[in-house]
Amino acid sequence: MFGWIGQVLRVDLTKGKISVEKLDSGLAEKFLGARGLASKILYDEVPPQTDALSPKNKLLLFTGALTGTGAISASRYNAVTKSPLTGTIAASNSGGYWGPELKFAGFDGIIVEGASEAPVYLWVEDGHAEIRSAAHLWGKSTHETEDILRGETDPDAKVLSIGPAGEKLVRIACIVNDKNRAAGRSGVGAVMGSKKLKAIVVRGTGGIKVAEMKAFRDTVLDILKNKVKPNATTGVGLPAYGTALLVNVINAHGIFPTFNFRTGIFERANDISGEKLAETFLVRKKACFSCPISCGRATVIPSGKYKSSGEGPEYEAAWALGADCGIYDLAAVTRANHLCNELGLDPISLGSTLACAIELYEKGYLSREQAGMELKWGDGEMLVKATELTARREGLGDLLAEGSYRMASELGHPELSMSTKAQEYPAYDPRGAQGIGLNYATSNRGGCHVRGYMISPEILGSPQKLDPLTTKDKAAWTKTFQDLTAAVDSAGICLFTTFAIGAPELADMLKYATGIDYTVERVLEVGERVWNLERLFNLAAGILADKDTLAPRLLNEPMPEGPAKGLVVKLGEMLPEYYKLRGWSDEGVPLEATLERLGLA
Amino acid sequence: MEKILMINPEKCTACRRCELVCSAKHTGEFNPARSRVSVAAFLDENFYMPLVCQQCDQPVCMEICPAGAISRDEKTGAVAIEEAKCVGCRMCMLSCPFGAISYIPEEKKLVKCDLCDGEPECALFCPWNAIEYVEADQAAVAKKRQVANRLKDALKEVRV
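All values derive from a computational prediction rather than experimental measurement.

1. A short note on the environment of Ala 123 of chain B
Residues and elements named next belong to chain B.
Now for step 1: Of note, Ala 123 is situated in helix α4 (residues 121–125).
Now for step 2: Placed 24 residues apart in sequence, Ala 123 and Gly 99 show a C-alpha to C-alpha distance of 20 Å.
Now for step 3: Residues within four places of Ala 123 in sequence aside, it is in contact with Leu 5, Ile 131, Glu 132 and Tyr 133.

Below, the structure is given as structure tokens:
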């Protein structure tokens, strides 16, 4: 095969059995890889009602057709499983070096099934794999694990692992690879922990073939020189300030969620901005494999009580650990972010869950005794302590480890959880960007910005500027963004490329890489197919249209200040139109004709 | 004027695109293990540097080769291995101070950077000019300027 390798590794941890399977080329063509292909396999093999943390759930780590090739920013793999946080299908993607290395080792993906009795890790090297004991690694941070495993295997091996959070089945635990890259959302780390799988170590010296090398090379060169590099976002803004260059932009639009989404303006926003990070702890920019954007931030806090080194914070993390908790101490935010990487926690859900806890505490719904510590807005020390406690499920951390929805429900006030389908929202208040609200409500993995980044047209004006305060045309835009994103994720390239390129460039790269005649229409159709398949999984899991909603605060409490003052999200104006455009019934169920058109019937 | 590959480690982002395009050009596949250029990435220390043949003025590999298989390409100035003459003893690989020559066991072949016949793919694709293909004398001036800049900054810090 071209683009794809053509082999998949299946690992049964219950039986300790490893097998190599051929990749189904028909499925690969229809689903591209990564998020799409792995979702298809999960849908076929795991009944959607399965308990996410039981051995019957499976964890799929899949690359895409373009991963590891010279395509633009083609570093991604997806971790696909049933989520222990949302109960929906989860697909979390990550860059770094691990995904490409898996292909160089001869595999498009790994299907992990069953569960081991004792901690293990998987060692994959050039077409072979073995299960090894990880007894000596249990309890260790992702950074320690990675160093030890490279010592035990190969100095050039790439490591993916969970930290203590995943081991303790924290529902907001992530999978970390290459030390500071993470498949962050939906608690995929807890699934890995439930299987007692500490790490997957990969080393490969093989190559990836593409169908038409010259045309592929020339296409990539053109995209690099004429699209990505000259673009203000991918060529200038992201390299200079990372994603946190958004802090001041989003705050200026009055949609920078502050104090658990009570308002959209944070007075001290600049103190946690990308610009501030560049002045303080930024050492240099860093790229994932083959990426010309290099939004990664290598950061060092040289001294003081938060002394540490690592990467980030990115925009969403700076917001969640910062503004949402009222914290503007950048050293504390940066240290907490480093800890999230080391302990294996999703900083978005962690920050938002802590913000929810602070509000519960303030309102008297969470007592000093239950919390075990004082909770207040703006306390950096509290943040760092809460991060450590959550990863180990100690004290307050045992509450936070469940995510904001379960925690707030347990305390009798689910309305204070800023989440959809139990996953915490990222850093944009939808009252001032209606389209992102529709995306949050309909996202197949709950509250999330990277399923359909409506902020791009609504705030950043790319590919064209929409009025963020109205609902006009938002259903159609959201659908298109969701479909394109699903295709991008399935191909194995980074979503950030879409600031500079769109479906035509993606179709060209796929066409020359695979030798299959992908067009703009076909690429968007793949995305739509993936979206509908995820929807089918969720519906079968019992997550129905009533869950396509938003936290009551966003629907009922008008934004108190700023450009969006007085607004709530008018979800009711957008949702019926969205269902219709998707070819779904009024109950949000894909119609037979839609499934037939997409080859899902 | 002869051109050389100038390496600017401070501009490298460890994306390893150079390894991809080099292997694609020379082997027809994307395979960093077969690339003539490799990025040494000390991720914990935040130091990344592309490593490639320096095309030395007095190449140790050329001197040590018992088969006389290594010579200088007159057009590009690249130190080149002539496959037909190579006996595969790997003395060049052992003696190179930069580790710039690799042995491919499957093909029983020694490979090194050949400057892509005067159009190096790595320099063309490097997103940040961490690898540049420049006139040899310009390279020296640019390097001096870099060193001077660093010294200037260091002095500034000392004086404060």
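2. Notes on the packing of aromatic side chains
Now for step 1: This model, assessed by the stated rule, comprises 19 aromatic pairs over all chains.
Now for step 2: Judged by centre distance (5.5 Å) and plane angle (45°), the ring pair of Tyr 315 of chain A and Tyr 428 of chain A falls under tilted. Of this pair, Tyr 315 of chain A sits in helix α11 (residues 315–321) while Tyr 428 of chain A sits in the loop between β17 (423–424) and α18 (434–442), and the two are 113 residues apart along the sequence.
Now for step 3: Classification of Tyr 428 of chain A by relative accessible area gives buried; the value is 1%.
Now for step 4: An aromatic cluster is present here, built from Phe 256, Tyr 315, Tyr 428, Tyr 453, Phe 496 and Phe 499 of chain A joined pairwise through their rings.
Now for step 5: For the cation-ring pair, Lys 285 of chain A lies above Trp 128 of chain B, with the distance from its terminal atom to the ring centre recorded as 4.1 Å.
Now for step 6: If you follow Arg 522 of chain A out to its NZ or CZ, it ends over the ring of Tyr 518 of chain A, 5.0 Å from the centre.

3. A look at the nonpolar core
All names here are of chain A.
Now for step 1: By size, the foremost hydrophobic cluster in this structure holds 187 residues, and its most contacted members are Leu 66, Phe 216, Phe 256 and Leu 375.
Now for step 2: Element by element, the count of residues in this core is highest for helix α13 (residues 347–362), at nine residues.
Now for step 3: Aside from chain neighbours lying at most four places away, what touches Leu 375 is Ala 357, Ile 358, Tyr 361, Leu 366, Met 382 and Leu 396.
Now for step 4: Counting 27 residues, the second-largest nonpolar core is a separate cluster that includes Ala 90, Val 112, Leu 122 and Leu 197.

4. Description of the packing of helix α12 (residues 330–343) of chain A against helix α15 (residues 380–392) of chain A
All names here are of chain A.
Now for step 1: Where α12 meets α15, the axes come as close as 9 Å, and the angle between the chain directions of the two elements is 10°. With respect to α15, the axis of α12 lies roughly parallel. Counting all contacts with α12, which are made through Ala 332, Val 333, Arg 335, Ala 336, Leu 339, Cys 340 and Leu 343, the residues of α15 involved are Gly 380, Leu 383, Val 384, Thr 387, Glu 388, Ala 391 and Arg 392.
Now for step 2: In terms of residue class, the contact of α12 with α15 is built from nine nonpolar, two polar and three charged.

Cut-offs and rules
- Residues numbered from 1 in each chain as written.
- Chains lettered and ligands numbered in written order.
- Predicted model: local features only at pLDDT ≥ 70, side-chain atom pairs only at ≥ 80, totals over all residues.
- Heavy atoms only, no water.
- Helix = DSSP H or I, 4+ residues; strand = E, 2+ residues; numbered from the N terminus.
- Contact = heavy atoms within 4.5 Å.
- Phe/Tyr/Trp six-rings, centres within 6.5 Å; stacked < 30°, edge-to-face > 60°.
- Buried < 20%, exposed > 50% of the residue type's maximum accessible area, 1.4 Å probe, protein only.
- Lys NZ or Arg CZ within 6 Å of the ring centre and 35° of its normal.
- Core = buried A, V, L, I, M, F, W, Y, C linked by side-chain atoms within 4.5 Å.
- Axes fitted to C-alpha atoms, helices over the stretch in contact; angles between N-to-C directions.
- Parallel < 35°, antiparallel > 145°, perpendicular 65-115°, else oblique.
- Nonpolar A, V, L, I, M, F, W, Y, C, P; charged D, E, K, R; others polar.

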